[in-house]
Amino acid sequence: MGLVAVLMLCVAVCSAPIQHFAKFPNQLRLFQGQSVSLHYAMPVHAQGSLNPQVAGINGSSDASVRVDLSQPLSIQPKHSGVTNLKLKLFGKIPFKTVKLQVIPDLRVVPGGQTIGVKVKSAGIMVVGHHRVQTKESSVSPGEEAKLRLGDLIVEINGEACNDISKIAPYAETAGRDGGALQLLVQRGKERFKTSLKPAYDEEDKAWRLGLYIRDSAAGVGTLTFYAPDQGVYGALGHVITDMDTQSPIVVGSGEILQSNVNSISKSQSGEPGEKRANFLKGGRILGNVERNTPFGIFGQMKQMPEHSYNPELMPVAFAEEVKEGPAQILTVVEKQKVERFDIEIVHVTKQTSPATKGMVIKITDPKLLERTGGIVQGMSGSPIIQNGKLVGAVTHVFVNDPASGYGCFIEWMLQDAGIMLNPEQATSKAV
């Protein structure tokens, strides 16, 4: 009897009704005004009900409507809010309750333009130690002060400091007076105070801190999107890190500028290529840099830069909408011309909260492969488009397979840009 019961259970689980039930989502997120069609091919009728002020079913404004599950189930979001879509077979037997969340419509202009990035850190970053040769011995004041690579010196003697040119005068004054510099240091999310006494370098005849330091960084990347209604942009798709310490740069200020691609160093297995670009002389500043996060850089932008592939607003996709299959990217491989190239999304990771490496992509366009060898440095941030929606951005290249790489979901970039609520915030604000 036990074997018979197990066999019956296996047959039931593998049956079409159970399979269809398992595929039916427990939750749906929709943008206001963007209809969705669900097709489960179940040869049964059901009674569907929800709040008609939030959404409608199959074009009806009634709170309850009879639906044929063998036909596509069309849902029309009307107003932002949360409601439950309840389906009952034959109008009596509860079949499925789906949480339906409608979010205000959001459309952005996809980018693709190569941009120059200049950022100044919110302090002085420690990128190395060195030893100072004094009369008695070789010392490193920075090490004695317990400073580590990646630490950010945000204050010296109670004064904010993010200009490397001011360090030498501080060291000179403290050294001559025989005193120590009082430092406020940020390490990760924590801050602490420490004292650093400069040492006199007998070779350079100057007071030294025993540190290698940096206060800025510059490079090129790709603009992902511009949201004209909010006046903000997103770019790069990954965090900017210091080249020596690999620590994320805490941005104090920064700007993005027009950039021109002069040539391409093609990617090869084991050796990623790069866009060779320069900041345009006299080129206008496109926007500022306010945040540097795991999903790129974000800030204010007053107007869309020139040479857009298409300046029209485009809908964006939730992470769960992205599917394996054909897609396209927008990027520049010559001067400032944005072009569209074919790719394949070969793997999609299910993510319900922000995380990098949301998808694996592969360049399939023969023209792009011929010109770049695949994904190259400077291409990060290139917008990924699928089924007429902006779904993500290129972030990394696989070193041993430069035709392939990672992409992040656009949803997480929009959250970091401050123009899209995360699910918890959206639910709490729903009416």
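The structure this text deals with has already been given above.
Residue positions are given per chain, counting from 1 as you read along its sequence in written order. This being a predicted model, a pLDDT of at least 70 is required before a residue's local features are given, and a value of 80 or more before pairs of side-chain atoms are given or counted; all residues contribute to the totals for chains, interfaces and linings. Excluded from the side-chain calculations are hydrogens and water; all other atoms, namely the structure's heavy atoms, are used.

(A) Inspection of empty space enclosed by the protein at higher detail. Of the grid points, spaced at 1 Å and generated over the protein atoms alone, those admitting a 1.4 Å probe that cannot get out make up cavities, while open sets with protein on both sides within 12 Å along at least five of seven lines make up pockets; any residue with an atom within 4 Å of a point is treated as lining. Grid points are joined across faces, edges and corners, and a volume is the space filled by probe spheres set on the points. Applying the stated criterion across every chain, the model contains three cavities of 30 Å³ or more. Reported here for the largest cavity is a volume of approximately 80 Å³. Lining the largest cavity we find Gln113, Thr114, Ile115, Gln258, Ser259, Leu286, Pro305, Glu306, His307 and Gln336. Each helix corresponds to a stretch of at least 4 residues labelled H or I by DSSP, and each strand to a stretch of at least 2 residues labelled E; elements are numbered beginning at the N terminus. When residues of the lining of the largest cavity are traced back to their parent elements, those giving at least two are strand S10 (114-129) and strand S21 (251-265).

(B) Here's a closer look at the sheet that holds strand S6 (residues 73-77). Within the open sheet, the three strands sit side by side as S2-S6-S4. Their pairing is antiparallel. Edge positions in the open sheet fall to strand S2 (36-38) and strand S4 (55-57), since each of these has one partner strand only. On average, each strand axis in the sheet is inclined to that of its neighbour by 25°, with strand direction left out of account. Here, a strand pair is defined by DSSP locating no fewer than two bridges between the strands. Examined bridge by bridge, S4 and S6 share three bridges and lie antiparallel to one another. Along S6, the bridge assignment pairs Ala55 with Pro77. Angles run from 0 to 180 degrees between N-to-C directions of axes, and those axes are lines fitted to C-alpha atoms, restricted for helices to the stretch in contact.

(C) Looking closely at the nonpolar core. Counting residues in each nonpolar core, the largest one holds 50 residues, and the members touching the most others are Phe225, Ile329, Ile384 and Leu414. Discounting residues that sit within four places of it in the chain, Leu414 has contacts with Leu106, Val108, Phe225, Val316, Ile419 and Met420. Think of a nonpolar core as a cluster: buried Ala, Val, Leu, Ile, Met, Phe, Trp, Tyr and Cys residues, connected wherever their side-chain atoms sit within 4.5 Å. Buried residues are those whose accessible area, probed at 1.4 Å on protein chains only, stays under 20% of the maximum for their type, while exposed residues exceed 50% and partly exposed ones sit between those limits. In terms of nonpolar packing, the next biggest core, distinct from the first, is built from 23 residues, Ile115, Val154, Leu223 and Leu236 among them. Contacts are assigned to residue pairs with any non-hydrogen atoms lying within 4.5 Å of each other.

(D) Summary view of the pattern of salt bridges. Between Lys or Arg on one side and Asp or Glu on the other, a salt bridge is scored when a side-chain nitrogen of the former is within 4 Å of a carboxyl oxygen of the latter. Summed over the entire model, instances satisfying the criterion amount to 16 salt bridges. Of the charged contacts, one joins Asp151 and Arg187 as a salt bridge, the two residues approaching to 2.8 Å between their closest N and O atoms. With Asp151 in the loop between helix H3 (141-144) and strand S13 (152-156) and Arg187 in strand S15 (residues 181-187), this residue pair connects regions lying 36 residues apart in the sequence. The exposure class assigned to Asp151 is buried, which follows from its relative accessible area of 1%. Accessibility expressed as a relative area gives 26% for Arg187, which makes it partly exposed. A salt bridge links Asp244 to Arg214; its shortest N-O distance comes to 2.6 Å. One end of the pair, Asp244, is in the loop between strand S20 (232-236) and S21; the other, Arg214, is in strand S19 (residues 211-227), and 30 residues separate them in sequence. On the accessibility criterion, Asp244 (44% relative accessible area) is partly exposed.

(E) View of the sheet that holds strand S29 (residues 359-363). Ordered in space as S27-S28-S29-S32-S31-S30, the six strands form a closed barrel in which the pairing is antiparallel. Here the strands of the sheet are splayed against their neighbours by 45° on average, with no regard to which way each runs. Alignment of strand S27 (residues 325-332) against strand S28 (residues 338-348), held across eight bridges, turns out to be antiparallel. Each residue of the ladder has a partner; that of Gln328, found in S28, is Asp342. Across the sheet, helix H6 (residues 410-417) is in contact with strand S31 (389-398) and strand S32 (401-409); its angle to S32 comes to roughly 50°.

Purely geometric numbers; function is a separate question.
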